[in-house]
Amino acid sequence: MGGIELLDGTLVVDRDPNDLDELAIQFSSQLNDVGINHVFISGYVAILTGRARATEDIDVLIERTSTDKIDQLVAELTGEGLWGPAMPLDSMAEMLDDNIWVARDGEMVPHLEVKFVSDEYDRSSLENRITAHLTTVDAEIPIGPLELQIAYKLYLNTPKDFEDAVHIHSLFEESLSIPQLERWVRKIGVEDDYEQLKQT
Amino acid sequence: MNNSNKRDTLEAKHQQNRNQRLDSIKRWVEFIKTHDVDEWGDQQNRLVDSQLESARQSELDIEHRRQVAKAGREHSRSP
């Protein structure tokens, strides 16, 4: 395969980073500095794996953590030239049960949509996260397991989400864990959509 | 053409578009699998970065963007 592989639970990406990757890498590094566990999920993961589309938002889940740590994060973000285009980052601690936008100072796109882990699928994404290694800049970011991403995309059920699922499934069909994928498909109740995916 | 026929025609067109899009995704995956990362990576990055640049240049306000994002989330979880 040309420059993208799933090797022993690590997604190895050999292409140069794009604008989305750069923002994700920066944010992930700041979360690591403060010690907040996190995971990138959804459309951004499909794009990281080579899907030929863009998105204005990068979804990232973070573990529930203390107000002190969130305040520390906000100080770090503002110090590094990031801001909250929808609301001041100072309100992050109260807003994370919904979501909060974080972007480069003065910009609205692309932005990160940050929220606390809130259900068992979020928790599974965080607990079973894998590493994406962007080799050209030697950076690592945590992403949700691809098997869960596919099943959840089938559940979301829009054309764009189904196409993301087709992309990831076709690209990694030989390296995905099929038992794990099928477990998620049954748990989420998307058996019919999965059959359709396999026939595509 | 009655309403039922019109609907059938639209459904057929929709299905044809959907199949074409899925075919193009499979072709792109095949391209990734068979070409050097510099070829597909550069094409993908140009697409991503140019779409973001267009979005940056639009003057849509934050409220509009949030409403669109919220509507998208709600729609995607509809049965």
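A quick note: this is a predicted structure, and the numbers were derived from the prediction, not measured. (Residues numbered from 1 in each chain as written. Chains lettered and ligands numbered in written order. Predicted model: local features only at pLDDT ≥ 70, side-chain atom pairs only at ≥ 80, totals over all residues. Heavy atoms only, no water.)

So, the overall build of chain B
The helix and strand inventory of chain B stands at three helices and zero strands. Each helix and strand of chain B, placed in order from N terminus to C terminus, yields the pattern α-α-α. Here the C-alpha atoms of chain B give a radius of gyration of 19 Å, more than 25% beyond the 12 Å that 2.2 N^0.38 yields for 79 residues. C-alpha atoms of chain B, sized along the principal axes, occupy 50 × 40 × 25 Å. (Helix = DSSP H or I, 4+ residues; strand = E, 2+ residues; numbered from the N terminus. Rg over C-alpha atoms; globule rule 2.2 N^0.38 Å.)

Digging into the pairing of strand β6 (residues 100-104) of chain A
Residues and elements named next belong to chain A. The buried count for β6 comes to five of five residues, which makes it a mostly enclosed element. Summarising the sheet, strand β5 (residues 82-83) and β6 pair through two bridges and their orientation is antiparallel. Each residue of the ladder has a partner; that of L82, found in β6, is R104. (Buried < 20%, exposed > 50% of the residue type's maximum accessible area, 1.4 Å probe, protein only. Pairing = 2+ DSSP bridges.)

Overview of the confidence of the model for chain B
Residue and element names in this part refer to chain B. Looking at chain B as a whole, the pLDDT averages 85, with 92% of positions reaching at least 70. Per-element confidence in chain B ranges from a low mean pLDDT of 73 for helix α3 (residues 62-76) to a high of 93 for helix α2 (residues 37-57). The ipTM value of the predicted complex is 0.89, and its pTM value is 0.91. (pLDDT = per-residue confidence, 0-100.)

Digging into the packing of aromatic side chains
Counted under the stated rule, the structure contains five aromatic pairs over all chains. With a centroid separation of 5.5 Å and 45° between ring planes, the pair formed by Y152 of chain A and Y155 of chain A is classed as tilted. Separated by three residues within a single helix, Y152 of chain A and Y155 of chain A lie in helix α6 (residues 146-156), roughly one turn from each other. Classification of Y155 of chain A as partly exposed rests on a relative accessible area of 33%. A centroid spacing of 5.6 Å and a plane angle of 15° characterise the contact between W28 of chain B and F31 of chain B, whose relative ring orientation is stacked. Of the two residues, W28 of chain B and F31 of chain B are both situated in helix α1 (residues 3-34); the distance of three residues between them amounts to about one turn of the helix. On the basis of relative accessibility, which here comes to 15%, the residue W28 of chain B falls in the buried class. An aromatic cluster of at least three residues, connected via ring pairs, comprises Y121, Y152, Y155 and W184 of chain A. Sitting over the face of the ring of W184 of chain A, R183 of chain A holds its NZ or CZ atom 5.0 Å from the ring centroid. (Phe/Tyr/Trp six-rings, centres within 6.5 Å; stacked < 30°, edge-to-face > 60°. Lys NZ or Arg CZ within 6 Å of the ring centre and 35° of its normal.)

Some words on the pairing of strand β4 (residues 57-62) of chain A
All names here are of chain A. Bridge count for strand β3 (residues 38-41) against β4 is four bridges, and the pairing is antiparallel. Its bridge partner being in β4, F40 is matched across the sheet by V60. Bridge count between β4 and strand β7 (residues 111-116): six bridges; the pairing is parallel. The partner of L61 across the bridge, within β7, is K115.

Re the environment of D192 of chain A
Relative to the helices and strands, D192 of chain A resides in helix α9 (residues 191-199). Taking the C-alpha atoms as reference points, D192 of chain A and T55 of chain A, 137 residues apart in sequence, are found 27 Å from one another.

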